[in-house]
2 protein chains.
Amino acid sequence: MLSKKTKYGLKALTYLASVDSKEPIQIAEIAKHENISQKFLESILLSLRRNGFLGSKKGKGGGYYLIKDPSEILMTTVMRVLEGPIAMVPCVSLNFYEKCDDCPDEHECSVHKLMLQVRDSALEVYRSNTLADLLE
Amino acid sequence: MLSKKTKYGLKALTYLASVDSKEPIQIAEIAKHENISQKFLESILLSLRRNGFLGSKKGKGGGYYLIKDPSEILMTTVMRVLEGPIAMVPCVSLNFYEKCDDCPDEHECSVHKLMLQVRDSALEVYRSNTLADLLE
DNA sequence: CCATTACCCTATCGTTTTTATAGATTTTAA
DNA sequence: TTAAAATCTATAAAAACGATAGGGTAATGG
């Protein structure tokens, strides 16, 4: 299951991209427009800022804004920041690899074999989609 | 993340297919061979039986056995029974559809759009793999 | 009858997710 | 300089879920 964090994060990014304004957009506006808990969204936007997707401005007239062009924001990086590993099992993860403690040999493991294919197919989707692609 | 239930279930199915015996295999043997908690495996095998993948025999010499040929066991059906929906979001699920309560219109939703592609790509993998394919 | 093994129900523990609460800090506008 | 508007920070509560254990019941074979 996709976490709400990721879902809300994607929606917020999409909204910011659709508004296409250089002016910062306030959290409250995004939350209202996307039916999201404002406080929850607050922490999501914060992590998106820390990871280089968003810029922010404090005080009156402040808010969040996209730092890069939507066509340069790949879904692979967004997903990894919001959702974590793209692989369904750590032993097939490119960026979050971890050995299974119950598996003596990965190369003999049927689960490994299947999940490798699933990872690759998901990766291809994320790689071929930017934020701009989700807009229209 | 893939749940351990699914992981263990797949491993158990693979083991039963690899043994290729008409004789029932005991839970304890599967659990030991795959390093799985026996009690947990118990409930997993039970649900696999209830869903038509396995047969069982009680008492001395009892155990579980495959009811169909491994080449006829599609990963789509296995995954749906063990893991649930293949889609990451209910609003793009074929077998477990549910409307999002925060989304006024699915067709306008960027998350929907992306997750539709992810679902289709995963589906293609699961459809093209049977239990027999995981064996070798 | 007795040992073995699957079946079934329930409780528990731990983790993660989601949301809520409360305030601190920074910036801007007047 | 002051007040308001907004982001930032920390905490924790609540809910959901995952994984596992315990103990008893039912069937089966010898």
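Scroll up to find the structure this text is about.
Summary of the structure given here. Keep in mind that this is a model prediction, so the values were computed, not measured.

1. A look at the protein's contact with DNA strand C
Right, so step 1: Close contacts around DNA strand C come from 25 residues, with Lys-39 of chain A together with Glu-42, Arg-50, Ser-56 and Tyr-64 of chain B the closest.
Right, so step 2: Take Lys-58 of chain A: an N or O atom from its side chain is 3.3 Å from a sugar or linking oxygen of DNA strand C.
Right, so step 3: Residue Arg-49 of chain B places a side-chain N or O atom 3.4 Å away from a phosphate oxygen belonging to DNA strand C.
Right, so step 4: For the surface near DNA strand C, the secondary structure elements donating two or more residues are α1 (4–19) and α3 (38–50) of chain A together with α3 (38–50), β1 (54–57) and β2 (63–66) of chain B.
Right, so step 5: At 5 residues, the largest contribution of residues to the surface near DNA strand C is made by α3 of chain B.

2. Examining the interface of chain B and chain A
Right, so step 1: Facing the 34 residues of chain B at the interface are 34 residues of chain A.
Right, so step 2: Summing the contributions of chain B and of chain A, the shared interface buries around 3000 Å²; its carbon and sulfur component is 63%.
Right, so step 3: Considering only the surface of chain B that becomes buried against chain A, Met-88, Asp-102 and Leu-114 of chain B emerge as the three largest contributors, covering 20% of it.
Right, so step 4: Put simply, chain B and chain A have 4 salt bridges between them.
Right, so step 5: In this structure, the salt-bridge partner of Asp-102 of chain B is Lys-11 of chain A, at a minimum N-O distance of 3.0 Å.
Right, so step 6: At the level of elements, α1 (4–19), α4 (75–82), α5 (110–127) and α6 (131–135) of chain B are the ones that each hand at least two residues to the side of chain B that touches chain A.
Right, so step 7: In terms of residue count, α5 of chain B provides more of the side of chain B that touches chain A than any other element does, 11 residues in total.

3. Brief notes about the protein's contact with DNA strand D
Right, so step 1: Near DNA strand D there are 25 residues, and of these Gln-26, Arg-50 and Tyr-64 of chain A together with Lys-4 and Lys-39 of chain B occur at the shortest range.
Right, so step 2: The sugar and phosphate moieties of DNA strand D supply 72% of its atoms located within 4 Å of the protein.
Right, so step 3: Within the contact set of DNA strand D, a phosphate oxygen lies 2.3 Å away from a side-chain nitrogen or oxygen of Arg-50 of chain A.
Right, so step 4: A distance of 3.0 Å is found between a phosphate oxygen of DNA strand D and a side-chain nitrogen or oxygen belonging to Ser-56 of chain A.
Right, so step 5: Of all the elements in the fold, those that place two or more residues in the surface near DNA strand D are α3, β1 (54–57) and β2 (63–66) of chain A together with α1 and α3 of chain B.

4. Let's talk about the environment of Glu-34 of chain B
Right, so step 1: Among the secondary structure elements, Glu-34 of chain B is positioned in helix α2 (residues 27–34).
Right, so step 2: The exposure class of Glu-34 of chain B is buried, given its relative accessible area of 13%.
Right, so step 3: Remark: the alpha-carbon pair of Glu-34 of chain B and Glu-124 of chain B, spanning 90 residues in sequence, is separated by 28 Å.
Right, so step 4: Among residues more than four places away in sequence, those in contact with Glu-34 of chain B are Asp-102 of chain A together with Lys-11 and Tyr-15 of chain B.

Conventions we followed
Residues numbered from 1 in each chain as written. Chains lettered and ligands numbered in written order. Predicted model: local features only at pLDDT ≥ 70, side-chain atom pairs only at ≥ 80, totals over all residues. Heavy atoms only, no water. Near = heavy atom within 4 Å. Polar contact = N/O pair within 3.5 Å; in protein donor to acceptor, adjacent residues only side chain to side chain. Helix = DSSP H or I, 4+ residues; strand = E, 2+ residues; numbered from the N terminus. Contact = heavy atoms within 4.5 Å. Buried area = accessible area lost by both parts, 1.4 Å probe. Salt bridge = Lys/Arg side-chain N within 4 Å of Asp/Glu carboxyl O. Buried < 20%, exposed > 50% of the residue type's maximum accessible area, 1.4 Å probe, protein only.

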